[in-house]
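# Observations on the three-dimensional arrangement
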Amino acid sequence: PSGTPTPSPSCPPTITESSTQTITALNSVSCNNGTGHADNSYWRAFNMSSFVGSAAYSVTSVSFGIEQATGAGGTQPATVRLYTSNQPFPTGFPASLTQIGIANINVPDSASNTVFNVPITATVPAGAQLVMEVFTPNGEAAGNLLFIGSNADPETAPSYLSAADCGITAPTATAAIGFPNMHIVFNVNGNCG
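Let me begin by describing the structure that accompanies this report. All values reported here derive from a predicted model rather than from experimental measurement.

### Overview of the sheet that holds strand β11 (residues 168-173)
- Across the sheet, which stays open at both edges, the six strands sit in the order β5-β4-β7-β2-β10-β11 with antiparallel pairing between neighbours. Of all strands in the sheet, those with a lone pairing partner are β5 (97-108) and β11, marking the two edges. With direction set aside, neighbouring strand axes in the sheet form an average angle of 20°.
- Where strand β10 (residues 160-163) and β11 come together, three bridges link them in antiparallel fashion. In the sheet register, Ala 163 faces β11, and the bridge partner there is Ile 168.

Okay, structure coming up:
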């Protein structure tokens, strides 16, 4: 008897672990002094095989929630980085990560309470674990303050935060630092092939 053809995996234009794109006021934390933030990194890890099967994925942009952006001059710098991880994230951090994409951006204050889109290109190999980081560099001297966008709606994998000045030297699940309802809104956009 002939075998049944294996269906090709769907290839979603957006990959996310967030069940909604809601940004809830006063739901996110950062390492800050009240008027500016220290170095903060926000993270998510996507097991690509569960989203696109055995296909490679071409990233064209990412988007992430911003609860509040207050920049000294109306904007502030941030960096988006994409990596693959050779171990289940965050095990092995940082040696487990290989950077595959980067975008240095300026976040305008008008991005507050939005899901902010950032063009970035990267190719995620088939079967890889994709790790997305949004890094906000120390803004204490300048007076830059950013809170990432999050909500308490269900997420399919953990949200992570790292901020060395507050003693969180490696990416740590938000629940493990006492904020179980801080589910960060992170999305990866692209296509297979």
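### Structural notes on the environment of His 37
- Looking at the element boundaries, His 37 is found in the loop between β1 (14-16) and β2 (40-47).
- For His 37, a relative accessible area of 0% puts it in the buried group.
- Within the structure, His 37 has its side chain in polar contact with the backbone nitrogen of Leu 146 (distance 3.0 Å).

### A word on empty space enclosed by the protein
- What the rule picks out here adds up to one cavity of 30 Å³ or more.
- Within this model, the largest cavity holds a volume of roughly 30 Å³.
- Ser 18, Ser 19, Thr 20, Asn 151, Asp 153, Pro 154, Glu 155, His 183 and Val 185 are the residues that line the largest cavity.
- Grouping the amino acids of the lining of the largest cavity by side-chain chemistry returns two nonpolar, five polar and two charged.

### Thoughts on the state of the cysteines
- Counting across every chain of the model gives two disulfides.
- Note on cysteine connectivity: Cys 11 is disulfide-linked to Cys 192, with sulfurs 2.0 Å apart. Classification of the bridge connecting Cys 11 and Cys 192 rests on its S-S torsion, roughly 100°, and on that basis the disulfide is right-handed. Highlighted residues: Cys 11 in the segment before β1 and Cys 192 in strand β13 (residues 186-192), separated in sequence by 181 residues.
- Classification of Cys 192 by relative accessible area gives partly exposed; the value is 27%.
- Paired by a disulfide, Cys 31 and Cys 166 hold their sulfur atoms 2.0 Å apart. The sign of the 85° torsion about the S-S bond sets the Cys 31-Cys 166 disulfide as right-handed.

### Notes on the environment of Pro 12
- With respect to the secondary-structure elements, Pro 12 resides in the segment before β1.
- For the pair Pro 12 and Cys 192, spaced 180 residues apart in sequence, the C-alpha to C-alpha distance is 8.4 Å.
- In this structure Pro 12 touches Phe 51, Val 52, Tyr 57 and Gly 190, once residues within four positions along its chain are discounted.

Definitions and limits used
Residues numbered from 1 in each chain as written. Predicted model: local features only at pLDDT ≥ 70, side-chain atom pairs only at ≥ 80, totals over all residues. Heavy atoms only, no water. Pairing = 2+ DSSP bridges. Helix = DSSP H or I, 4+ residues; strand = E, 2+ residues; numbered from the N terminus. Axes fitted to C-alpha atoms, helices over the stretch in contact; angles between N-to-C directions. Buried < 20%, exposed > 50% of the residue type's maximum accessible area, 1.4 Å probe, protein only. Polar contact = N/O pair within 3.5 Å; in protein donor to acceptor, adjacent residues only side chain to side chain. 1 Å grid on protein atoms, 1.4 Å probe; cavity = no way out; pocket = protein on both sides within 12 Å on 5 of 7 lines; lining within 4 Å. Points joined across faces, edges and corners; volume = space filled by probe spheres on them. Nonpolar A, V, L, I, M, F, W, Y, C, P; charged D, E, K, R; others polar. Disulfide = S-S within 2.5 Å. Contact = heavy atoms within 4.5 Å.

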